[in-house]
Amino acid sequence: ELPENWTDTRETLLEGMLFSLKYMGMTLVEQPKGEELSAAAVKRIVATAKASGKKLQKVTLKVSPRGIVLNDSGTNELIENVSIYRISYCTADKIHDKVFAYIAQNQLNENLECHAFLCTKRKM
């Protein structure tokens with residue numbers, strides 16, 4: 001839902017919004033969408049990330065009508081550029097309230113992948 005003065009934010013909507021997050025990882029999924037499916041995928045990603053004991057990669061996630069662009073925060077190197085047409089589902093996880101995830105189809109092998117990110121705040 002757009003606020004009444006949404007024309008002030010129209011440029012931001014078109015250009016995209018930037019979020020500083022930590023990339024938790026990716027897992028393959030069977031279907032393009034679903035709350036339970038994504039919750040199970042996030043649970044796997046969180047468990048794998050914790051088990052690895054490694055520091056999470058800091059990333060900048062840009063969301064725009066064109067899709068999602070992911071860059072490394074330190075090097076500004078492009079990690080991924082996902083077309084809006086390849087994204088089938090986005091969610092804020094119910095159990096892990098600081099986790100944002102999306103499901104997208106891989107451009108090379110057509111696999112469905114769930115990518116999860118850790119936000120600094122729940123509201124983000």
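Residues numbered from 1 in each chain as written. Predicted model: local features only at pLDDT ≥ 70, side-chain atom pairs only at ≥ 80, totals over all residues. Heavy atoms only, no water.

Draft legend 1. Layout of the confidence of the model for the chain. Per-residue pLDDT for the chain has a mean of 89; in total, 90% of the residues score no lower than 70. Within the chain, strand β7 (residues 112–118) carries the highest mean pLDDT (96), whereas helix α1 (residues 10–15) carries the lowest (68). (pLDDT = per-residue confidence, 0-100. Helix = DSSP H or I, 4+ residues; strand = E, 2+ residues; numbered from the N terminus.)

Draft legend 2. Representation of the environment of Ile 45. Mapped onto the fold, Ile 45 is located in helix α2 (residues 35–52). Distance from Ile 45 to His 115, taken between C-alpha atoms, is 8.3 Å for residues 70 residues apart in sequence. For Ile 45, the contacting residues outside a window of four places in its chain are Met 24, Gly 25, Met 26, Thr 27, Cys 114 and Ala 116. (Contact = heavy atoms within 4.5 Å.)

Draft legend 3. Layout of the pattern of salt bridges. Applying the stated criterion across every chain, the model contains 2 salt bridges. Across the salt bridge formed by Lys 94 and Glu 35, the nearest N and O atoms sit 2.3 Å from each other. One end of the pair, Lys 94, is in the loop between β5 (87–92) and β6 (99–105); the other, Glu 35, is in helix α2, with 59 residues separating them in the sequence. You can call Lys 94 exposed: its relative accessible area is 65%. (Salt bridge = Lys/Arg side-chain N within 4 Å of Asp/Glu carboxyl O. Buried < 20%, exposed > 50% of the residue type's maximum accessible area, 1.4 Å probe, protein only.)

Draft legend 4. The sheet that holds strand β2 (residues 57–64), seen in detail. Pairing is antiparallel across the open sheet formed by 7 strands, whose spatial order is β4-β3-β2-β1-β7-β6-β5. Either end of the sheet is taken by a strand with one partner, and the two such strands are β4 (78–83) and β5. Adjacent strand axes in the sheet meet at a mean angle of 30 degrees, parallel and antiparallel pairs treated alike. Two elements, β6 and β7, share 7 bridges in a ladder whose sense is antiparallel. Bridge assignment links Gln 105 to a residue of β7, and that residue is Leu 112. (Pairing = 2+ DSSP bridges. Axes fitted to C-alpha atoms, helices over the stretch in contact; angles between N-to-C directions.)

Draft legend 5. Fine view of the pairing of strand β1 (residues 17–28). Bridge count for β1 against β2 is 7 bridges, and the pairing is antiparallel. What sits directly across from Lys 22, in β2, is Lys 58. As defined by bridge partners, β1 adjoins β7 across 6 bridges and the pair is classed as antiparallel. Residue Thr 27 lies in a different strand from β7, and its bridge partner there is Cys 114.

Draft legend 6. Molecular detail of the layout of surface pockets. Here the largest pocket is characterised by a volume of approximately 220 Å³. If you go around the largest pocket, you meet 15 residues; those closest to its centre are Phe 19, Ala 92, Phe 100, Cys 119 and Met 124. Breaking the lining of the largest pocket down by element, the ones donating at least two residues are β1, β2, β5 and β6. In terms of residue class, the lining of the largest pocket is built from 11 nonpolar, no polar and 4 charged. Surrounding the second largest pocket, 13 residues form its lining, Glu 80, Asn 81, Gln 105, Asn 106 and Gln 107 being those nearest its centre. Counting only elements with at least two residues in the lining of the second largest pocket, the list comes to β4, β6 and β7. (1 Å grid on protein atoms, 1.4 Å probe; cavity = no way out; pocket = protein on both sides within 12 Å on 5 of 7 lines; lining within 4 Å. Points joined across faces, edges and corners; volume = space filled by probe spheres on them. Nonpolar A, V, L, I, M, F, W, Y, C, P; charged D, E, K, R; others polar.)

Draft legend 7. Inspection of the packing of aromatic side chains at higher detail. In this structure the tally under the stated criterion is 4 aromatic pairs. Relative to Tyr 102, the ring of Phe 100 lies with its centre 6.4 Å away and its plane at 45 degrees, an arrangement referred to as tilted. With respect to burial, Phe 100 and Tyr 102 carry one shared label: buried. (Phe/Tyr/Trp six-rings, centres within 6.5 Å; stacked < 30°, edge-to-face > 60°.)

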